[in-house]
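Secondary and tertiary structure notes
Spelled out from the first residue to the last, the chains are:
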Amino acid sequence: KPSNGTQISEFLLLGLSQALELQPLIFGLFVSMYLVTVFGNLLIILAVSSDSHLHTPMYFFLSNLSLVDICFTSTTIPKMLWNIQTKSKVITYEGCITQMYFFILFAGLDIFLLTVMAYDRFVAICHPLHYMVIMNPRLCGLLVLLSWIMSVLNSLLESLMVLRLSFCSDLEIPHFFCEFNQVVQLACSDTFLNNIIMYFTAGLLCICPLAGILYSYSKILSYIRGIPSAQGRYKAFSTCASHLSVVSLFYGTLLGVYLSSTVIHSTHSSATASVMYTVVTPMLNPFIYSLRNKDIKRALER
């Protein structure tokens, strides 16, 4: 509710640019990227599900990541394209909260699945003889289920915290989607508790998984250095090169966006930069895994 007590019904999404002449270009660019993201990740899912050679823990997690990436981009891009096509900036209050909920949900799932995949590579390289025993179907399913549960609880908490806020008359969001931090900044009521929870969950759901990923790769690199032959070291490292590339791209763009926004203090620059981890990273993931992975390439060819 706004500060005057009346029920608000909508927000205005200002998008990436106010220039009318750029709207057709932005529309064409994002339609192309969205279609490439959806079809690229669908091909990964199809390849993994149709090829029995890919029914392993590594590709089980990869197919889940591809599904989450499709959902992740679908929470923001279709609404943005619809607003450009209809020349409207409106998103309903309910639609904004719903979009925020699913965006946080799938962003959290991305982070957890990348962490689980790092653990999978650690077991595969450092404990190859016990890999299939440790990474059994029950554990793999449990890890994915736990990722969903933690992501759902986190997004539910964040969304409920926004519902308790009162908003002023200025309801313009300088972004192309309902980004949590931008919505909270529009509130007239006290946002201290929201900020505390936001920083706490950011530390818990970003820093802790990143620490787990770094620990896994420190163990992997330590193990690889102990392999006597250069060919053996290359073969061991090549099994995790694709995942390492995806992790670097996702965390690099995510941290870059939020670190740059604290320095530059430009909402337009932040919105433009956030395209990197919301659209570009999910679009590039299928290319990274297919170009650097012979098993996926063979499955796609078949």
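Just so it is clear, the model here is predicted, and its values are computed rather than measured. (Residues numbered from 1 in each chain as written. Predicted model: local features only at pLDDT ≥ 70, side-chain atom pairs only at ≥ 80, totals over all residues. Heavy atoms only, no water.)

In terms of helices and strands, the protein chain carries 11 helices and 3 strands. Helices and strands appear in the protein chain in the N-to-C order β-α-α-α-β-α-α-α-β-α-α-α-α-α. Counting only C-alpha atoms and orienting by the principal axes, one finds that the protein chain spans roughly 70 × 40 × 35 Å. Per-residue burial over the protein chain gives 48% buried out of 302 residues. Taking the contacts inside the protein chain whose residues are at least 6 apart along the sequence as the reference set, 78% of them involve residues at least 24 apart. Counting every atom, the protein chain has about 15,100 Å² of accessible surface; 69% of that belongs to carbon and sulfur. With 16 positive and 14 negative side-chain charges, the protein chain shows a separation of 15 Å between the mean positions of the two kinds. (Helix = DSSP H or I, 4+ residues; strand = E, 2+ residues; numbered from the N terminus. Buried < 20%, exposed > 50% of the residue type's maximum accessible area, 1.4 Å probe, protein only. Contact = heavy atoms within 4.5 Å. Areas by Shrake-Rupley, 256 points an atom, 1.4 Å probe, with all protein chains shown as cover. Lys, Arg positive; Asp, Glu negative; His and termini not counted. Charge placed at Lys NZ, Arg CZ, Asp CG, Glu CD.)

It is worth spelling out the nonpolar core at this point. Note on soluble globular proteins: their nonpolar side chains tend to be buried together. One finds L16, F30, F61 and I220 to be the most contacted residues of the largest nonpolar core, which totals 68 residues. Ranked by the residues each element gives to this core, the list is headed by helix α4 (residues 93-126), at 17 residues. Counting 20 residues, the second-largest nonpolar core is a separate cluster that includes L13, I91, F167 and V183. (Core = buried A, V, L, I, M, F, W, Y, C linked by side-chain atoms within 4.5 Å.)

With that settled, the discussion passes to the UniProt feature "transmembrane region" (unreviewed entry) in the protein chain. UniProt feature "transmembrane region" (unreviewed entry): in the numbering of this structure it lies at residues 25-46, 58-77, 97-119, 139-157, 196-215, 236-259 and 271-291. Helix makes up 100% of residues 139-157 and strand 0%, and the two end C-alpha atoms of the span are 27 Å apart. Between the first and last C-alpha atoms of residues 271-291 the distance is 30 Å; the span itself is 100% helix and 0% strand. (UniProt positions renumbered as here; feature names shortened; annotations may be inferred.)

Next up on the list: the pairing of strand β1 (residues 10-13). The two faces of β1 differ: F11 and L13 on one face are buried, but E10 and L12 on the other face are not. Where β1 lies against strand β2 (residues 90-92), 3 bridges are found, and the strand directions are antiparallel. Paired with E10 across the strands is T92, a residue of β2. (Pairing = 2+ DSSP bridges.)

Turning our eyes to something else, we now look at the sheet that holds strand β3 (residues 172-173). Two orientations exist for strands paired in a sheet by backbone hydrogen bonds: parallel and antiparallel. Ordered in space as β2-β1-β3, the 3 strands form an open sheet in which the pairing is mixed. On the outer flanks of this sheet lie β2 and β3, each paired with one strand and no other. The strands touched by α4 are β1, β2 and β3; relative to β2, the strand with the most contacts, the crossing angle is about 80 degrees. (Axes fitted to C-alpha atoms, helices over the stretch in contact; angles between N-to-C directions.)

Our next topic: the packing of aromatic side chains. Summed over all chains, the structure comprises 12 aromatic pairs. Taking the centre distance of 6.3 Å and the plane angle of 85 degrees together, the rings of F106 and W148 count as edge-to-face. Of this pair, F106 sits in helix α4 while W148 sits in helix α6 (residues 137-163), and the two are 42 residues apart along the sequence. Joined through ring pairs, the aromatic side chains of F30, F72, F103, F176 and F177 make up one cluster. (Phe/Tyr/Trp six-rings, centres within 6.5 Å; stacked < 30°, edge-to-face > 60°.)

Taken as a whole, helix α3 (residues 77-86) has its buried residues at I77, M80, L81, N83 and I84. Across the axial projection of α3, the buried residues extend over an arc of 160 degrees, all falling on one side. In α3, the exposed residues that point more than 90 degrees away from the buried face are W82 and Q85. Downstream of α3 by one or two residues, K87 has phi in the positive range, about 55 degrees. (Arc of directions from axis to C-beta.)

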